[in-house]
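# Working through the structure, step by step
Listed below are the residues making up each chain.
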Amino acid sequence: MSLKTSFLGLTLQSPVLIASGPASHDVNQVRVAEEQNAGAIVLKTACSDKFAHMRSWPRPRYKLLDWDKQIEGRSKMFSLYSYEQGYSGTLDDYWELISACKKHAALPVIGSIFADEAKDWIDMAKRVEQCGADAIELDISSPHRPGSLAFETTFVAAINGVVGAVRIPVLVKLGPGPEVLPQCLIAQENGASAVTLCNRLRGFDVDIESQRPILHGYFAGIGGPWAKYYTMRHVAEAANTITIPISATGGVLSGEDVIKYMLLGASTVQILSVIMVNGWESVKRINNEIEEYMQRKKINSLEEIRGKALSAMVSPDEIIRWSGESKRGSRNLWKEGTEN
Ligand SMILES: Cc1cc2nc3c(=O)[nH]c(=O)nc-3n(C[C@H](O)[C@H](O)[C@H](O)COP(=O)(O)O)c2cc1C
């Protein structure tokens, strides 16, 4: 029995990857991720010079929301609200970071970039490859990206350009909507090696005492354990349609969550918030939980479960519906609900 996973020609120790963000910003974190038996690490996204302002962040930039809300005395729910844009160093720092990661750790390293003009995407992707990254992820879906950049124009050209310019695998990280499946298909048609589903949503929150928006006063990225439910839907839909691998990301707290994503067709699963909230040990715990499941279900390789739940999915016209008495029953329930 082994957690070893083959992904984009790489052999990973585990399907659990560290997602791009504050836990993948320096070489020491890459070493820790390796000690924790992560499968690979996606480095914090580097922005092109045109977006140099995105390299500095407001402080504080994170807020944990709803962590104290309880239903029936317990809760594993929270929302992580944050405004942290790109890698904080210069591009030269980023190239050095990739080289240092490759020098000091055996863990596969995935560079991550953001730009607008195709030329910048291509130049940056080439540097990521030259510095020794094992793959590259195109962050075209950040909740903080300028709203003027459209998928059909800017980002399709970026995917196409980068795929033509590098030999390492290219992952395209998509947002949670509205057109996830069509965008997966376009990424695939343009030569992407994999899609990463899904980036966080852009949200907003306001403090009722000060009557002002919280933190820096503008929209921010929002995610949490609840994000896995709509992401699982997108992963299942994509897995039923595209042929390139899927790396799922969003809301993972446990091995159970990783297994769910894999049963719906994901090849790897990227985690971040659970590390920010519970620490690096989360990676080992999640790996152990996956192993316990494999032992219990007598699974030798995770290949055996990839997409297994999809065959039991039905189409809307195949859904078994109740009629007659059950309909009356539900009408009564509805009536009771409205009267109370
Ligand atoms: C504070 C923070 C910073 C992030 N920065 C990046 C980033 O630079 N690039 C990127 O592609 N995704 C970024 N993400 C998204 C994560 O990589 C990940 O896809 C997302 O948080 C969902 O996973 P999670 O629910 O396990 O956190 C960031 C997320 C957080 C919370």
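Structure report, in brief.

Basis of the calculations
Residues numbered from 1 in each chain as written. Predicted model: local features only at pLDDT ≥ 70, side-chain atom pairs only at ≥ 80, totals over all residues. Heavy atoms only, no water. Buried < 20%, exposed > 50% of the residue type's maximum accessible area, 1.4 Å probe, protein only. Helix = DSSP H or I, 4+ residues; strand = E, 2+ residues; numbered from the N terminus. Right-handed = clockwise from strand over helix to strand, strands pointing away. Pairing = 2+ DSSP bridges. Salt bridge = Lys/Arg side-chain N within 4 Å of Asp/Glu carboxyl O.

### Observations regarding the pairing of strand 10 (residues 170–174)
With respect to burial, strand 10 is a largely interior element, five of its five residues being buried. Alternating positions in strand 10 separate into two faces, Val170, Val172 and Leu174 on one and Leu171 and Lys173 on the other, with burial throughout. Crossover strand 9 (residues 135–139) to strand 10 through helix 4 (residues 151–165) is right-handed. Across four bridges, the pairing between strand 10 and strand 11 (residues 194–197) is parallel. Among the inter-strand pairings, Leu174 is bridged to a residue of strand 11, identified as Leu197. As for the winding sense of the linkage, the β-α-β connection from strand 10 through helix 5 (residues 180–189) to strand 11 is right-handed.

### Here we look at unusual backbone geometry
Cis peptide bonds are those with omega within 30 degrees of zero, and the linkage from Arg59 to Pro60 qualifies with -5°. You can see Pro60 is positioned in the loop between strand 5 (46–47) and strand 6 (62–65). The peptide bond linking Leu197 to Cys198 adopts the cis configuration, its omega dihedral lying at -5°. Relative to the helices and strands, Cys198 resides in the loop between strand 11 and strand 12 (201–203). Positive phi is not limited to glycine here, since Asn37 has a value of about 65°. Looking at the secondary structure, you find Asn37 in the loop between helix 1 (27–35) and strand 4 (40–42).

### Describing the pattern of salt bridges
Overall, the coordinates contain twelve salt bridges when judged by the stated rule. With a shortest N-O distance of 2.6 Å, Asp116 and Lys50 are connected by a salt bridge. Taken together, the residues span a long stretch of sequence, with Asp116 in the loop between strand 8 (109–114) and helix 3 (118–130) and Lys50 in the loop between strand 5 and strand 6 at a distance of 66 residues. By relative accessible area, Asp116 is classed as buried at 10%. Notably, a salt bridge pairs Lys260 with Glu256, separated by 3.8 Å at the nearest N-O pair. Here Lys260 and its partner Glu256 are both found in helix 7 (residues 255–263), four residues apart, which amounts to about one turn of the helix. The class of Lys260 is partly exposed, set by a relative accessible area of 28%. Each of the salt bridges in this network shares a partner with another, and the network as a whole consists of Lys44, Arg61 and Glu84.

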